[in-house]
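# Remarks on the overall topology
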Amino acid sequence: MSSTERAARALKSLKDEEWRTLAGLERSAAGSGTSDLGRLARMSRLPPDRVRFATDALEKKGLAKRKGKGYALTIEGVEAMALKDYVKKDLIFALGAVIAKGKESDVYEALTEEGTAYALKLYKIGRVSFTSVRKKRASEPAEFRSWMTANYDAARREYHALKKLEGLSSVFPRAVSYSRSTVLLEELSGVRLSQRPELVDPAATLKKTIESMRTAFIEGGLVNADLSEYNILTDGASVWLIDWPQAVEAAHPNSMDLLLHDVRAVTAFFARAYGIESDFQKDFDYVSGKSAVPE
Ligand SMILES: Nc1ncnc2c1ncn2[C@@H]1O[C@H](COP(=O)(O)OP(=O)(O)O)[C@@H](O)[C@H]1O
Ligand SMILES: [Mg+2]
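## Description of the overall build of the protein chain
When helices and strands are tallied, the protein chain shows 10 helices and 12 strands. For the protein chain, the spread of C-alpha atoms along the three principal axes comes to 70 × 40 × 35 Å. Residues classed as buried in the protein chain amount to 49% of the 295 residues present. Partitioning the intrachain contacts of the protein chain with sequence separation of at least 6 by distance along the chain shows that 63% fall at a separation of at least 24. Just so you have it, the protein chain exposes about 14200 Å², and 52% of that area is on carbon and sulfur atoms. Taking the 45 positively charged and 41 negatively charged side chains of the protein chain as two groups, their mean positions are separated by 9 Å.

Written as structure tokens, this is what we have:
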């Protein structure tokens, strides 16, 4: 079972005092990493004996762990809070199957009460080092704090980037909400372009991708900055440009270099995988707004 599945399972059994204790742990983790029972009691506004009881229960459910004299949150604890948040806001009702495991995240299907499916992206930046550290049973509070910072920031950044792109084109997934290290997205169909699926019209797919990069840049004011065949989904006809946490504002001093890099990655892939040769300079001029007409 993954941390996310454990978090979803724990969700059902958590009592109000346990949630309050988790929230207290989250607040103290952002500051010092661990919290002793006294501090936790103040943070959760619960009597010390109730906090002791709640931390014991949270530890058994894998949502918190003992650290020296104090307690710290686990990734399961973080994800349980995020899931609870979405449930409370009536956004999701159940966690479905895993859709994909990416470079920096796991993506699960999440279902609304009406049965609509969203894609829930749970950031796992630093997963490898974090797991190996945990195996040594030495994961330090400072390490967890930096894990939280990196993953909470990525989720928030991706949400805000996608909000800027919302409504400009259906190639950008709609962001529904975000919480902690997770972001809730419109679910897309399709496979990664890196799998080189058969395309109805590869030249048209490239054209649409180039146009969409221009839309993001000119109208949305954003460069993806990590665009490649791994962050483009397709069903053979339509494309979607995904994975926006590292997006950079058009006004950023490096935006042109990053845009150049994105355009190069995309055009080189279409040449390599589909034999579609395009004039890189013309593509770049079009995407960056230097010229008004595509190649
Ligand atoms: N909105 C979505 N709908 C369906 N699948 C998605 C969605 N977003 C991501 N995925 C799947 O999850 C994978 C990883 O997502 P991505 O945003 O690229 O994160 P990572 O940073 O982990 O690469 C994608 O390659 C894709 O298969
Ligand atoms: Mg990706």
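## Digging into the site of ligand 1
Ligand 1 sits among 17 residues. The nearest are Glu104, Ser105, Lys121, Glu186 and Leu188. One of the backbone nitrogen or oxygen atoms of lysine 103 is found 3.0 Å away from an oxygen atom of ligand 1. Between ligand 1 and lysine 121, the relevant distance is 2.7 Å, taken from an oxygen atom to a side-chain nitrogen or oxygen of the residue. Burial of ligand 1 by the protein amounts to 95% of the accessible area it has alone, namely 550 Å². Given that more than half its atoms are within 2 Å of the pocket grid, ligand 1 belongs to the largest pocket.

## What to know about the side chain of serine 28
Summarising the element assignment, serine 28 is placed in helix α2 (residues 16-31). Given the relative accessible area of 1%, serine 28 is considered buried. Within the structure, the side chain of serine 28 is placed 3.1 Å from the backbone oxygen of leucine 25, a separation counted as a polar contact.

## Brief notes about unusual backbone geometry
The phi dihedral of aspartate 90 falls on the positive side, at around 60 degrees, and the residue is not glycine. Assignment of secondary structure puts aspartate 90 in the loop between α5 (75-88) and β3 (94-101). Owing to a relative accessible area of 65%, aspartate 90 belongs among the exposed residues under this scheme.

## Observations regarding the environment of arginine 50
Positionally, arginine 50 belongs in helix α4 (residues 48-60). Each C-alpha atom of the pair arginine 50 and lysine 103 lies 40 Å from the other, and the pair is 53 residues apart in sequence.

## A look at the environment of threonine 55
Note on placement: threonine 55 falls in helix α4. The buried category is assigned to threonine 55, whose relative accessible area is 0%. A C-alpha to C-alpha distance of 8.3 Å links threonine 55 and leucine 22, two positions 33 residues apart in sequence.

## Quick word on the coordination of the magnesium ion (ligand 2)
Taken together, Asn231 (OD1) and Asp243 (OD) make up the protein donors of the magnesium ion (ligand 2), found 2.1 to 2.2 Å from the metal. Taken together, the positions of asparagine 231 in the loop between β9 (222-223) and β10 (232-234) and aspartate 243 in the loop between β11 (239-241) and β12 (248-249) put the pair 12 residues apart, joining distant regions of the chain. Note on accessibility: asparagine 231 and aspartate 243 belong to one class, buried.

## Some thoughts on the pattern of salt bridges
Under the criterion given, the structure shown has 19 salt bridges. In this structure, the salt-bridge partner of aspartate 106 is lysine 101, at a minimum N-O distance of 3.7 Å. Look at the salt bridges and you will find they share partners, linking Glu26, Asp85, Lys89 and Arg180 into a network.

## Describing the nonpolar core
Formed by 40 residues in total, the largest nonpolar core has its most connected members in Leu241, Trp244 and Phe270. Here this core spans two domains, and each of domain 1 (3-185) and domain 2 (191-288) adds at least three residues to it. If we ignore the near neighbours within four places in the chain, the residues touching phenylalanine 270 are Leu193, Leu199, Pro202, Thr205, Leu206, Thr209, Gly275 and Ile276. Within the second largest apolar cluster, 37 residues are counted, among which are Val78, Leu83, Phe144 and Tyr152.

## A few points about the domain arrangement of the protein chain
Domain boundaries in the protein chain define domain 1 (3-185) and domain 2 (191-288). Between the C-alpha centres of domain 1 and domain 2 there is a distance of 32 Å. The partner domain 2 presents 18 residues to the 17 residues of domain 1 that form the contact. Interface of domain 1 and domain 2: buried area, both sides summed, is about 1400 Å²; carbon and sulfur atoms make up 61% of it. Taken as a group, Lys164, Leu168 and Val171 account for 35% of the area that domain 1 buries against domain 2, more than any other trio of residues on that side. In this assembly, domain 1 and domain 2 are joined by three salt bridges. Of the charged contacts in the structure, one is a salt bridge between lysine 121 and aspartate 243, with a shortest N-O distance of 2.9 Å.

Reading the values: the criteria
Residues numbered from 1 in each chain as written. Chains lettered and ligands numbered in written order. Predicted model: local features only at pLDDT ≥ 70, side-chain atom pairs only at ≥ 80, totals over all residues. Heavy atoms only, no water. Helix = DSSP H or I, 4+ residues; strand = E, 2+ residues; numbered from the N terminus. Buried < 20%, exposed > 50% of the residue type's maximum accessible area, 1.4 Å probe, protein only. Contact = heavy atoms within 4.5 Å. Areas by Shrake-Rupley, 256 points an atom, 1.4 Å probe, with all protein chains shown as cover. Lys, Arg positive; Asp, Glu negative; His and termini not counted. Charge placed at Lys NZ, Arg CZ, Asp CG, Glu CD. Near = heavy atom within 4 Å. Polar contact = N/O pair within 3.5 Å; in protein donor to acceptor, adjacent residues only side chain to side chain. 1 Å grid on protein atoms, 1.4 Å probe; cavity = no way out; pocket = protein on both sides within 12 Å on 5 of 7 lines; lining within 4 Å. Sits in = over half its atoms within 2 Å of the grid points. Donors = N, O, S within 2.8 Å, 3.2 Å for Na, K, Ca; no water. Salt bridge = Lys/Arg side-chain N within 4 Å of Asp/Glu carboxyl O. Core = buried A, V, L, I, M, F, W, Y, C linked by side-chain atoms within 4.5 Å. Domains from an automatic or database assignment. Buried area = accessible area lost by both parts, 1.4 Å probe.

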